[in-house]
Amino acid sequence: MKDRLAAYYHGDDEQCLQQAVWIAEQNEFDLESVKECSIKEDSVKKFEIFLDAITKK
């Protein structure tokens, strides 16, 4: 999932965001770890979009 988010963060690839959301919905994952990686990648706003997408369902 982190690779899909990285592609979304750096390439603005909406399909990668959708894939990351799907993976997150189907699997357990460490949200805090994803958040920390997102902060390191300077992609907090895009992480928040991801977070909104997974919590709205």
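For the structure itself, consult the block above.
Below: a short report on this structure. As a convention, each chain's residues are numbered from 1 in the sequence order in which they are written. Two thresholds apply to this predicted model, a pLDDT of at least 70 for residue-level local features and 80 or more for giving and counting side-chain atom pairs, whereas whole-chain, interface and lining totals are computed over all residues. Side-chain numbers here rest on the full set of heavy atoms in the structure, without hydrogens or water.

### A few points about the overall build of the chain
Applied cut-off: By the criteria applied, helices consist of DSSP H or I runs no shorter than four residues and strands consist of E runs no shorter than two, each listed in order from the N terminus. Taken over C-alpha atoms, the radius of gyration is set against a globule rule of 2.2 Å times the number of residues to the power 0.38. Type-normalised accessible area, obtained with a 1.4 Å probe on protein chains alone, sets the label of each residue: buried when under 20%, exposed when over 50%, and partly exposed for intermediate values. Whether two residues are in contact is decided by their heavy atoms, any of which lying within 4.5 Å being enough. Computed with the Shrake-Rupley method and a 1.4 Å probe, the accessible areas treat only the protein chains shown as cover for residues.
Of regular secondary structure, the chain possesses four helices and zero strands. Element order for the chain, N to C, with α for helix and β for strand: α-α-α-α. For the chain, whose C-alpha radius of gyration is 10 Å, the value lies close to the compact-globule estimate of 10 Å for 57 residues. Within the span of the chain, comprising 57 residues, buried residues form 30% of the whole. When contacts within the chain are restricted to residue pairs at least 6 apart in sequence, long-range pairs at least 24 apart make up 55% of them. Put simply, the chain shows about 4000 Å² of open surface, and 48% of that area lies on carbon and sulfur atoms.

### Some thoughts on the side chain of Ser38
Here Ser38 is to be found in helix α3 (residues 31-40). Excluding residues that lie within four positions of it along the chain, Ser38 makes contacts with Tyr9, Ser43, Val44 and Phe47.

### Quick look at the environment of Asn27
This is how it is decided: Pairs of N or O atoms within 3.5 Å make up the polar contacts considered here, provided that, within protein, one atom can donate a hydrogen while the other can accept it, and that residues adjacent in sequence are counted only when both atoms are side-chain atoms.
Relative to the assigned elements, Asn27 resides in the loop between α2 (14-26) and α3. Look at Asn27 and you get partly exposed, because its relative accessible area is 44%. Separated by 26 residues in sequence, Asn27 and Met1 place their C-alpha atoms 9.6 Å apart. Of the polar contacts made by the side chain of Asn27, one reaches the backbone oxygen of Ile23; its length is 2.9 Å.

### Re the nonpolar core
Rules: In plain words, nonpolar cores are sets of buried Ala, Val, Leu, Ile, Met, Phe, Trp, Tyr and Cys residues tied together by side-chain atoms within 4.5 Å.
The biggest cluster of nonpolar side chains holds 13 residues, and the ones touching the most others in it are Met1, Leu5, Val34 and Phe50. Looking at this core, the elements that each hand over two or more residues are α1 (2-11), α2 and α4 (44-55). Counting residues per element, this core draws most heavily on α2, at five residues. Residues in contact with Met1, not counting those within four places in the same chain, are Ala20, Ile23, Ala24, Phe29, Val34 and Phe50.

### A few points about the environment of Cys16
Looking at where Cys16 falls in the secondary structure, it is placed in helix α2. Residues Cys16 and Met1 lie 15 residues apart in sequence; the distance between their C-alpha atoms is 9.1 Å. Once residues lying within four places of it in the same chain are set aside, the contact partners of Cys16 are Arg4, Ala7 and Tyr8.

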